Amino acid sequence: MRLSTRKLLDRSFSGLGVFAILLMVGALLVLLAPIAARGSRAFVFRATVEHRQFMLEESGRGDHDAIDAEIRAAAEVRRKAYDMIARFEEELEAAGRSERRELRRSLREVKDHLAGLLGPAPGNARPVLLRDQYGQTRWDRALVGLGDFLYVTEYDYSDPSGMGRPLLVPRVDGFRGTSLEPLFAYVEQNLERMLRPRLTFYWRFLFDEGRDAHFFGGIWPAVLGTLYLTIGTMLIAAPVGIASAVYLAEFAGEGWLISLIRTCIGTLAGVPSIVFGLFGLAFFINTLGVSDSKSVLAGCLTLAVLVLPTVIRASEEAILAVPKTYKEASLSLGAGQGSTVLRVILPAALPGILTSVIISMGRAAGETAPIIFTAAVSLGRPLSLRQTLSQPTPALPWNIYNLCTEHEAVDQIRHVQYGMVLTLVLLVLLLNLAAILLRARLARRLAG
Amino acid sequence: MNGVTVELASSLAERQGPAPEPKDRLEEPVITAEEFSVFYGDNEAVKRVSLDVPPRRVTAIIGPSGCGKSTFLRAVNRMNDLIPGCRTEGLLALEGQDLNAPGVDVVTLRRVVGMVFQKPNPFPKSVFDNVAFGPRIHGVRGKPELTETVEVSLRRAGLWEEVADRLSHNAMALSGGQQQRLCIARALAVDPEILLMDEPASALDPRSTARIEDLIGELRADYTIVIVTHNMQQAARVSDLTAFLYEGRLVEFGPTDQLFTKPRQKQTEDYITGRFG
């Protein structure tokens, strides 16, 4: 082969590698950027006066006097809208019967939408649901609500072969010539003064309990539940896994039973996670009865079984990678096999073992299927350590799944969903980062 | 006599210190092999070797690669136990005790028989922890006691001056020759009677090799040393007795100067003059 051809080949080969890596980085960015952008909106957003009022009334946070003044100022602007409605209701009494029924229905819609934006009208009874007791807490949602307030969505069925095309009809058209007509323009122009949005950094999103099916508050129970599940899982899986790996690498030798066990471990690593979930339900809860029903403990046990094959495999590799000379040196100094493993082999294999443990932690943190039947519930309070033995918990992966499949009004709380996704991604990222740093540190210490 | 033998003879003359004349048959041998064989599976690596290693002498085992010299050495502290399918026949005794008898405690045996390996193999720990490893394993806990043992061992291994201010540094940061002397210090720290050395200088540069050889000369007064080496000049320089193994058999065993200058066997002469091997 000529030199120039070989050079060209070499260059195109390395170019291919660089291209593949760039492609992966690009894909990662495309994946992570929207998660970061949307997830951050759970923490940083324009909060309305309703948000501040909620915080003050439900958790006693904020400057009482300042918020009171704000509420009064907002009420001043809002009163004009309520006055218009009251005047229109009087007018309605004078109208004809059929016309009255039609208008009354439209008016109810107007009032409902306005309540959705500004909270219950003054003088009305306090609604039962927490979400009806307050108006929009977020300015971005308020703008969506304003659209619903200003426009009725109708459907154009003129093309029978296709689906109906949505048409936006201004709601004000139904009230032309009445005293309610100016209300729409007034709300549109003064919504900002009624809600007083202000850029807010709601870091407590992480540490607040969710209220009223995640309409308000944060995700602390789910974060705490994920931490419990992850740490608990590793507390079970790491000792068992490392002990198994030590046995397989150092003591087991060869034999049909050992190779059968190895095959089983390999197979176990490929079993779908939902199977582990059902196994956990059938074995830990129904057969062993570790708890009456779902509990963090049962979830940890199930997740531990799920990650064990990974921990065993990787730890065994790490142990086998320890130079034989260390073992020889230790034995030649009169150390028994036990102290050789404890004092020489395990310390030298520690970086690899820790990496496997922390990567498994990431896996345990993100798994959904195994905890569906064994540990997770969609709503709950933060648990104490003792309660984890018997109580189920919310957990980030399950809550994300639950929000997007089963929540009654997920459209209104997408920010919570994305906030959870971002938190989970960051959590796993942090764990992996910790693994890399720890590994580098230990490797440096071992290398001298 | 050809050139190589002349060179060997002159290096014998340069050897440091007076060569103690082996007072054969007067001292009880420390290691006794009688018709001793080692098998790897069906392959007989050491074939019916009989020899006596006297106390406080340096005994070198030389021979071409694969002649079974390392296998024989590793049989003395039973490191061959690590190799699956390895078994022995005949007698290998330490002070009259059969090493391969069922009741022998390998851990105790290895306390008495220290070993230094071909490649320096310090643990990835600090210099101090490396030397203190053995004493700690054997139950020494007191800090002052450990510190003393470490210093004494390092001094004996001639490494103290170089590492005294670096005891807490990682041993992997030392040079190859220093690492090997650290390994010797580590072996000395358990206070053995016998020191096995498996080509201790073959991975080192000439200067470090010289230091190790000097060290062996110093240690001869207190320890029984058995050294396996590829390097015939080295055997001539450091040892009192030399055994020549070829294809698992002991060809010749005797005082080093005699073996190198007036070999009794034709094979020995061929080997030390470089006709094969």
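Residues numbered from 1 in each chain as written. Chains lettered and ligands numbered in written order. Predicted model: local features only at pLDDT ≥ 70, side-chain atom pairs only at ≥ 80, totals over all residues. Heavy atoms only, no water.

### Quick word on unusual backbone geometry
Going by this rule: Each helix corresponds to a stretch of at least 4 residues labelled H or I by DSSP, and each strand to a stretch of at least 2 residues labelled E; elements are numbered beginning at the N terminus. For each residue, the accessible area found with a 1.4 Å probe, counting protein chains only, is set against the maximum for its type, and the residue is called buried under 20%, exposed over 50%, and partly exposed in between.
Phi is positive for Asp212(A), close to 50 degrees, though the residue is something other than glycine. One can find Asp212(A) in the loop between β5 (210-211) and β6 (216-217). Owing to a relative accessible area of 18%, Asp212(A) belongs among the buried residues under this scheme. Its identity is not glycine, yet Arg56(B) carries a phi of approximately 50 degrees, on the positive side. Following the sequence through the fold, Arg56(B) ends up in the loop between β2 (43-53) and β3 (58-62).

### So, the sheet that holds strand β1 (residues 31-40) of chain B
All names here are of chain B. Here is the rule we go by: Pairing between strands requires that DSSP locate at least two bridges from one strand to the other. In this description, contact between two residues means that some pair of their heavy atoms is separated by no more than 4.5 Å. To obtain an axis, a line is fitted to C-alpha atoms, over the contacting stretch when the element is a helix, and the angle between two such axes runs from 0 to 180 degrees between their N-to-C directions.
Read from one edge of the open sheet, four strands run β2-β1-β4-β5, paired in antiparallel fashion. Lying at the two open borders of the sheet, with one neighbouring strand each, are β2 and β5 (97-98). The sheet contact formed by strand β4 (residues 86-94) and β5 spans two bridges and is antiparallel. The residue of β5 that forms the bridge with Leu94 is Gln97. Along the sheet, helix α2 (residues 69-76) makes contact with β1, β2 and β4, crossing β1 at roughly 115 degrees.

### Some points on the pattern of salt bridges
Residues and elements named next belong to chain A. Keep this limit in mind: Just to be clear on terms, a salt bridge is a Lys or Arg side-chain nitrogen sitting within 4 Å of an Asp or Glu carboxyl oxygen.
Enumeration over the complete set of coordinates arrives at 36 salt bridges over all chains. Arg211 is paired through a salt bridge with Glu58; the nearest N and O atoms lie 3.1 Å apart. Placement of Arg211 in strand β5 and of Glu58 in helix α2 (residues 49-59) is noted, with a sequence separation of 153 residues between them. What makes Arg211 partly exposed here is its relative accessible area of 30%. The exposure class of Glu58 is partly exposed, given its relative accessible area of 28%. Here Arg363 ties to Glu367 by a salt bridge, and the two come within 3.2 Å at their closest N and O atoms. In the salt-bridge network here, residues are joined through shared partners; they are Arg52, Glu70, Arg196 and Arg198.

### So, the domain arrangement of chain A
The condition that has to hold: Bear in mind that the domain bounds are from an automatic or database domain assignment.
On domain assignment, one finds that chain A holds domain 1 (50-198) and domain 2 (220-447). The centre of domain 1 of chain A, based on its C-alpha atoms, is set 50 Å off from the matching centre of domain 2 of chain A.

### Some points on the sheet that holds strand β6 (residues 113-116) of chain B
All names here are of chain B. Pairing within the open sheet is mixed, and its six strands lie in the order β6-β7-β8-β3-β9-β10. Two strands lie at the open edges of the sheet, namely β6 and β10 (249-255), each paired on one side alone. Averaged over neighbouring strand pairs, the angle between their axes works out to 15 degrees when direction is ignored. Alignment of strand β7 (residues 194-198) against strand β8 (residues 224-228), held across five bridges, turns out to be parallel. Across the sheet, the residue bridging to Asp198 is Val228, located in β8. Sitting on the sheet, helix α7 (residues 176-188) is in contact with β6 and β7, with an inclination near 170 degrees to β6.

### Observations concerning a nonpolar patch on the surface
Keep this limit in mind: Patch criteria: residues need more than 30% relative accessible area and no salt bridge. Like-charged residues are merged within 9 Å; nonpolar side chains of Val, Leu, Ile, Met, Phe, Trp and Tyr are merged within 5 Å. A 1.4 Å probe and the Shrake-Rupley method give the accessible areas. Residues count as covered only by the protein chains that appear here.
Taken together, the side chains of Val44(A), Leu199(A), Phe201(A), Trp203(A) and Phe207(A) present a nonpolar region at the surface, about 560 Å² in accessible area. With respect to the secondary-structure elements, Phe207(A) resides in the loop between β4 (198-201) and β5.

### Some details on the environment of Arg363(A)
Residue and element names in this part refer to chain A. Its place among the elements puts Arg363 in helix α13 (residues 337-366). A relative accessible area of 33% places Arg363 in the partly exposed class. What Arg363 contacts, discounting residues up to four positions off in sequence, is Leu306, Val307 and Thr310.

### Re the interface of chain A and chain B
Cut-off, in case you're wondering: Once two parts are brought into contact, the accessible area they lose, counted with a 1.4 Å probe and summed over both, makes up the buried area. Residues adjacent in sequence count toward polar contacts only when both atoms are side-chain atoms; beyond that, a polar contact is any pair of N or O atoms within 3.5 Å, and within protein one must be able to donate a hydrogen and the other to accept it. Put simply, Ala, Val, Leu, Ile, Met, Phe, Trp, Tyr, Cys and Pro go in the nonpolar bin, Asp, Glu, Lys and Arg in the charged bin, and everything else, Gly too, in the polar bin.
Tallying the contact residues gives 20 residues for chain A and 27 residues for chain B. Contact between chain A and chain B buries roughly 1900 Å² in total, counting both sides, with carbon and sulfur atoms accounting for 65%. Broken down residue by residue, the surface that chain A buries against chain B is led by Ser332(A), Leu333(A) and Arg343(A), which jointly contribute 35%. Note that Arg74(B) is salt-bridged to Glu328(A), the shortest N-O span being 3.0 Å. At the junction of chain A and chain B, the tally comes to four residue pairs in polar contact (both at pLDDT 80 or more). Those elements that provide at least two residues to the side of chain A that touches chain B are α12 (324-332), α13 and α16 (414-447) of chain A. Per-element tally for the side of chain A that touches chain B: the top contributor is α12(A), with eight residues. Residue classes in the side of chain A that touches chain B are distributed as nine nonpolar, seven polar and four charged.

### Brief notes about the environment of Arg126(A)
For Arg126(A), the position within the fold is in the loop between α4 (97-118) and α5 (130-133). Sequence separation of Arg126(A) and Gly336(A) is 210 residues, and the distance between their C-alpha atoms is 76 Å.

### Focus: the side chain of Thr268(B)
Residue and element names in this part refer to chain B. Mapped onto the fold, Thr268 is located in helix α11 (residues 266-272). Judged by its relative accessible area of 1%, Thr268 is buried. A polar atom in the side chain of Thr268 sits 2.8 Å from the side chain of Glu252. The residues touching Thr268, leaving out its near neighbours within four places in the chain, are Phe244, Val251, Glu252, Leu259 and Pro263.

### Points about the nonpolar core
So the rule is basically this: In plain words, nonpolar cores are sets of buried Ala, Val, Leu, Ile, Met, Phe, Trp, Tyr and Cys residues tied together by side-chain atoms within 4.5 Å.
Within the largest apolar cluster, 52 residues are counted, with the highest numbers of intra-cluster contacts made by Leu229(A), Ile319(A), Leu346(A), Ile353(A), Ile371(A), Phe123(B) and Phe133(B). Among the secondary structure elements, those contributing two or more residues to this core are α8 (220-251), α10 (273-287), α11 (296-320), α12, α13, α14 (369-372) and α16 of chain A together with α4 (127-137) of chain B. Residue contacts for Ile371(A): discarding those within four places in its chain leaves Leu229(A), Leu303(A), Ala376(A), Ala395(A), Pro397(A) and Trp398(A).

### Points about α7(B)
Residues and elements named next belong to chain B. Here is the rule we go by: Helix span is expected to be 1.5 Å times the residue number reduced by one.
Look at α7: 18 Å from first C-alpha to last across 13 residues, which is about the 18 Å you get at 1.5 Å a residue. Within α7, twelve of the 13 residues are buried, leaving the element largely enclosed by the surrounding structure. When α7 is considered as a whole, its buried residues turn out to be Gly177, Gln178, Gln179, Gln180, Arg181, Leu182, Cys183, Ile184, Ala185, Arg186, Ala187 and Leu188.

### Notes on the packing of aromatic side chains
As a reminder, the rule being used: The rule is short: rings of Phe, Tyr and Trp, with Trp giving its six-membered ring, pair when the centres are within 6.5 Å, and they are stacked under 30 degrees, edge-to-face over 60, tilted in between.
A full pass over the atoms with the stated rule returns 21 aromatic pairs over all chains. Residues Phe207(A) and Trp220(A) carry aromatic rings whose centres are separated by 5.4 Å and whose planes lie at 45 degrees to one another, so their mutual orientation is tilted. Taken together, the residues span a long stretch of sequence, with Phe207(A) in the loop between β4 and β5 and Trp220(A) in helix α8 at a distance of 13 residues. Residue classification places Phe207(A) among the partly exposed positions, given a relative accessible area of 46%. Seen in terms of ring centroids, Tyr326(A) and Phe123(B) are 6.4 Å apart; in terms of plane orientation they differ by 75 degrees. Their pairing is edge-to-face.

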